[in-house]
Protein chains: 2
Amino acid sequence: MNATLVLESNMRLVGTNEAGKQTFFDVKEDNGGNNSAASPMEVLLQSVAACSSVDVLMIIRKKRKTITNFRVEMDGTRAEEHPKVFTKIHFTYILESPDAEEGDLIRAVELSQNTYCSAMEMVRRSGCEITWEQRIIRP
Amino acid sequence: MNATLVLESNMRLVGTNEAGKQTFFDVKEDNGGNNSAASPMEVLLQSVAACSSVDVLMIIRKKRKTITNFRVEMDGTRAEEHPKVFTKIHFTYILESPDAEEGDLIRAVELSQNTYCSAMEMVRRSGCEITWEQRIIRP
């Protein structure tokens, strides 16, 4: 997999994948940036949730359950000294569905967390403690 | 650090940081997506390069060197079996500057790689082999 990252201005960086799709990064003013986009560590955290979400959506849909809404909330704790790695991340998976049972969601998240999700596995192998919970909402 | 990720349509997901800045994710058609944005693992790879780039830019600027352009090229290799973690990543840091020496860039990348970059350290701790090279271009 190839990608490039190019400086646009000050600390604003633009990533481009092989298909030309762009992703934006910046840092806050107190780190010399302009806060025009999420920071690299914020984006990393979201990419882990996105990787897991794709698994969960795919598994729930394979069970022919309807998804009317889906979201993941993340709460990450970082080391106080450099390098400020994530030491703990908590994910809350929230599925709005008229017909999926809580067990469907739990099983989907377990499969993603324990078998499929590459990003989650990298974070886990790094030594970060990962916890999660799930919630079903009826539309 | 808190963030949320919300399903927009099909497999398209939108991450939002605490300041409301958005980041977009999607997957290719053969994974059930619409290829409208970079994939989670592509974005993860770019977030690592962005994290390191912020360090390098900061260090080069502290040395009062002029940056006329800066880019990072990434080449990531993934495991063939699930979970398809990155097993190897090569970064090429390219700095265009009228006055920075190659040694300035090497020292900046070393400081980022070995001391400051949180994302790089997480990837390294995950067991991924990281290599890099650098290049100075005169404007």
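Note that residues are indexed from 1 along each chain, following the sequence as it is written. Going through the entries in the order they are written, you letter the chains from A and number the ligands from 1. In view of the model being predicted, local features appear only for residues whose pLDDT reaches at least 70, and side-chain atom pairs are presented and counted only at 80 or more, with totals across whole chains, interfaces and linings using the full set of residues. As a rule here, side-chain values cover all heavy atoms of the structure and leave hydrogens and water aside.

Draft legend 1. Focus on the sheet that holds strand β2 (residues 12-16) of chain A. Strand order in the open sheet made by the six strands is β3(A)-β2(A)-β1(A)-β4(B)-β5(B)-β6(B), with mixed pairing throughout. Two strands lie at the open edges of the sheet, namely β3 (22-25) of chain A together with β6 (129-137) of chain B, each paired on one side alone. Neighbour-to-neighbour, the strand axes of this sheet turn through a mean angle of 20°, independent of strand direction. Strand pairing is assigned whenever DSSP identifies at least 2 bridges connecting the two strands. Elements are defined by DSSP. Helices are runs of H or I of four residues or more, strands are runs of E of two residues or more, and each kind is numbered from the N terminus. Sheet topology note: the strand β1 (residues 2-9) of chain A/β2 of chain A ladder contains five bridges and is antiparallel. Looking at β2 of chain A, one finds that L5 of chain A is bridged to G15 of chain A. Relative to strand β4 (residues 69-78) of chain B, helix α1 (residues 40-62) of chain B is tilted by about 145°, and along the sheet it contacts β1, β2 and β3 of chain A together with β4 and β5 (86-96) of chain B. Angles run from 0 to 180 degrees between N-to-C directions of axes, and those axes are lines fitted to C-alpha atoms, restricted for helices to the stretch in contact. We call two residues contacting when some pair of their heavy atoms lies within 4.5 Å.

Draft legend 2. Just the nonpolar core, in detail. Note on terminology: a nonpolar core comprises buried Ala, Val, Leu, Ile, Met, Phe, Trp, Tyr and Cys residues joined through side-chain atoms within 4.5 Å. Note on exposure labels: buried denotes an accessible area under 20% of the residue type's maximum, exposed denotes more than 50%, and partly exposed covers the range between, all computed with a 1.4 Å probe on protein chains only. Judged by nonpolar contacts, the single largest core of 86 residues is most densely connected at F70 and F91 of chain A together with F70 and F91 of chain B. Every residue in contact with F70 of chain A, bar those within four places of it in the chain, is listed here: S53, V56, L57, Y93, I94 and L95 of chain A together with L5, V6 and L7 of chain B.

Draft legend 3. Representation of the relation of the copies chain A and chain B. For the pair chain A and chain B, the superposition axis carries a translation of 0.0 Å, the fit reaches an RMSD of 0.0 Å, and the rotation angle comes to 180°. The transformation relating the two chain copies, once decomposed into turn and shift, fits a two-fold axis. Considering only C-alpha atoms, the part of chain A nearest the rotation axis is S126 of chain A, at 2.1 Å. To line up the copies, we fit them by least squares on C-alpha atoms, keeping just the residues with pLDDT of at least 70 in both.

Draft legend 4. Representation of helix α1 (residues 40-62) of chain A within the structure. Residues and elements named next belong to chain A. By this rule the span expected of a helix is its residue count minus one, scaled by 1.5 Å. Under the 1.5 Å per step criterion, the end-to-end length of α1 is 33 Å for 23 residues, consistent within 8% with the ideal 33 Å. Within α1, 20 of the 23 residues are buried, which leaves it mostly tucked inside the rest of the structure. Positive backbone phi, at 60°, marks R64, one or two positions downstream of α1.

Draft legend 5. Seen up close, the domain arrangement of chain A. If you check the domain split of chain A, you get domain 1 (1-37) and domain 2 (40-137). Distance between the C-alpha centres of domain 1 of chain A and domain 2 of chain A: 24 Å. Reported domain spans reflect what an automatic or database domain assignment gives.

Draft legend 6. Spotlight on the pairing of strand β5 (residues 86-96) of chain A. Residues and elements named next belong to chain A. Alignment of strand β4 (residues 69-78) against β5, held across ten bridges, turns out to be antiparallel. Note that in β5 the partner of D75 across the bridge is H90. With nine bridges connecting them, β5 and strand β6 (residues 129-137) associate as parallel partners. Residue pairing in the sheet places F91 in a bridge with W132 of β6.

Draft legend 7. Spotlight on the state of the cysteines. Cysteine sulfur atoms are paired as a disulfide whenever they fall within 2.5 Å. Scanning the entire structure with this criterion turns up zero disulfides over all chains. C128 of chain A takes part in no disulfide bond, and the closest cysteine sulfur, belonging to C117 of chain A, lies 13 Å away. Look at C128 of chain A and you get buried, because its relative accessible area is 4%. Cysteine C117 of chain B remains unbridged, with the sulfur of C51 of chain B as its closest cysteine sulfur at 3.2 Å. Taking relative accessible area as the criterion, C117 of chain B reaches 1% and is therefore assigned buried.

Draft legend 8. Just the interface of chain A and chain B, in detail. On the chain B side, the residues contacting the 65 residues of chain A number 65 residues. Roughly 5,900 Å² of surface becomes buried between chain A and chain B when both sides are summed, with 66% attributable to carbon and sulfur atoms. A per-residue breakdown of the area chain A buries against chain B is headed by M1, L5 and M122 of chain A, which together make up 14% of the total. Basic side-chain nitrogens of Lys or Arg form a salt bridge, by our definition, when they fall within 4 Å of a carboxyl oxygen of Asp or Glu. At the boundary of chain A and chain B, one finds zero salt bridges. Values labelled buried area give the accessible surface lost by two parts on being combined, using a 1.4 Å probe and summing over both.

Draft legend 9. Region of interest: the side chain of N17 of chain A. With respect to the element layout, N17 of chain A can be found in the loop between β2 and β3. Polar side-chain contacts of N17 of chain A include one of 2.8 Å to the backbone nitrogen of K21 of chain A. Within the structure, N17 of chain A has its side chain in polar contact with the side chain of E42 of chain B (distance 2.8 Å). Among all residues touching N17 of chain A, those that are not within four sequence positions of it are N2 of chain A together with A38, E42 and Q46 of chain B. Each polar contact in these results corresponds to two N or O atoms within 3.5 Å; when the atoms are within protein, one needs to be able to donate a hydrogen and the other to accept it, and residues that are neighboring in sequence are counted only if both atoms are side-chain atoms.

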